[in-house]
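Coordinate analysis (summary)
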Amino acid sequence: MKLYRYGISVVYSLWDGGIHFLNSILPSGLNAFFLFTMCSLPGSTVFAQAPSLFGTDEPLELTLHADLKNLFRDRGDDSPYHPASVTYQDSGETMHIPLRAKTRGHFRKIAANCKYPPILLNFDSIHTPGHSIFHGQDKLKLVTPCRGDAYLVHEYLVYKLYNLVTPKSFLARLVKVVYRDSVKDKASEPYYGILLEDEDQMARRNGANSIKTQGLRPESTRKEDFLKMAVFQYMIGNTDWSVQFRQNIKLIAPPKSLPSTVPYDFDHAGIVQAPYANPAPELRMQSTRHRRYRGNCIPDMNEFTPVIDQFNQLKDAIYAVYVNNPLLSESYRSQTITFLDKFYETINDPDEAVKAFSYPCDRSGTGNVVIRGLKKND
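Each value, and the rule that gives it
Residues numbered from 1 in each chain as written. Predicted model: local features only at pLDDT ≥ 70, side-chain atom pairs only at ≥ 80, totals over all residues. Heavy atoms only, no water. Core = buried A, V, L, I, M, F, W, Y, C linked by side-chain atoms within 4.5 Å. Buried < 20%, exposed > 50% of the residue type's maximum accessible area, 1.4 Å probe, protein only. Helix = DSSP H or I, 4+ residues; strand = E, 2+ residues; numbered from the N terminus. Pairing = 2+ DSSP bridges. pLDDT = per-residue confidence, 0-100. Contact = heavy atoms within 4.5 Å. Phe/Tyr/Trp six-rings, centres within 6.5 Å; stacked < 30°, edge-to-face > 60°.

What follows deals with the nonpolar core. One broad rule of soluble globular proteins: the nonpolar side chains tend to lie buried together. The biggest cluster of nonpolar side chains holds 69 residues, and the ones touching the most others in it are Phe232, Met235, Ile271, Phe311, Ile318, Tyr322 and Phe357. Considering every element that reaches this core, the biggest residue donor is helix H4 (residues 149-165), with ten residues. Ranked by size, the runner-up nonpolar core spans 29 residues in total, among them Val86, Tyr88, Ile97 and Phe123.

Given below as structure tokens:
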């Protein structure tokens, strides 16, 4: 558990999703900041467990060993697993973890779109030591760069933004990956990647189970969580999602409760600025930098008030992710701040907010188009 400062604000990064989540589950009278302080004291044994993969924002350097030609060549719908392993340094010790790997994804899996396809890493508990940061992991998605490292870092920061909004979000770890071909014994240059929390672990962390239902309408999900998600998607300029087809959306729910919507895959969001990202033609949008609210029709703007209030409360923390961030270019940082400025101008102008969030109620527009995605959900 560490304290990170980016510019004007302080962001607390906790393995379980944040101080706001701890406060929601701690007994009355026990404050998460007090718990944070106690954990920081010398000799503290609170949470004294194996190091958490997602417990730090420090990029993890690792090497993926495999027969890369065969691994990257299998890009079909049912890609087979290949023998692989990862190595990394931990306190001077070289950790070597055998595993299986296969390609995954949709757009980024197509060779014409991306050099390196996204990878699914499948760990075996028998071969994962208890003191490894991968102890307890089952399947992890490794998001790989498509058209350069910068855009992957931009996408990684979107995951960090949504962690601020709700613990019902995927934890992410930035990694610096070297791909080493086990046949040719030849290594690539290091590239940035993103390790994403396993879907079932994310659900369990929130006291829920993963739901695989197709065709579920937004109105049949937990409204508070859906509105947070939909307004967030509007903030980052992302239209590449749908609940009905679970396009870049996961559903989780406690027993006998309405499901909550959890977004992922943000590379087509305007805030990422990926050069290959374009809105679906059915939306009749010129650019991902033009926002379009894609929630369901809610005529009563008062229902948005709690969500708008939350985003206003998070404003400093959201901007802090970008201010003085050494991973970003000055031009991207400046453009992103301007992009966020426009969002906050909109939500705090009653007329502009009505125009933006009532768009799905306009039957002559494209607010009711459902994005099906390229292929089946993964």
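Burial within strand S3 (residues 60-66) is extensive, with five of its seven residues counted as buried. Sheet analysis places S3 next to strand S8 (residues 172-181), joined by seven bridges and oriented parallel. By the bridge assignment, glutamate 61 is partnered in S8 with lysine 176. In the sheet, S3 pairs with strand S4 (residues 82-90) via five bridges, with the strands oriented antiparallel. Of the residues in S4, the one forming a bridge with leucine 64 is valine 86.

On average, the chain scores 85 in pLDDT, and the residues at 70 or more come to 84%. Across residues 1-50, where pLDDT falls below 50, the model places 74 contacts with residues more than four positions away in sequence or in other chains.

This brings us to the packing of aromatic side chains. Tallying each qualifying case throughout the model produces 22 aromatic pairs. Here the aromatic rings of phenylalanine 123 and phenylalanine 134 are separated by 4.9 Å at their centres, their planes lie at 20 degrees, and the arrangement is stacked. With phenylalanine 123 in strand S6 (residues 119-123) and phenylalanine 134 in the loop between S6 and strand S7 (139-143), this pair connects stretches of sequence that are eleven residues apart. Residue phenylalanine 134 is classed as buried on the basis of its relative accessible area, which comes to 1%.

Its identity is not glycine, yet aspartate 265 carries a phi of approximately 55 degrees, on the positive side. Mapped onto the secondary structure, aspartate 265 falls in the loop between strand S13 (260-263) and helix H7 (305-313). Assessed through its relative accessible area of 15%, aspartate 265 is described here as buried. The phi angle at asparagine 324 is positive, at roughly 60 degrees, despite the residue not being glycine.

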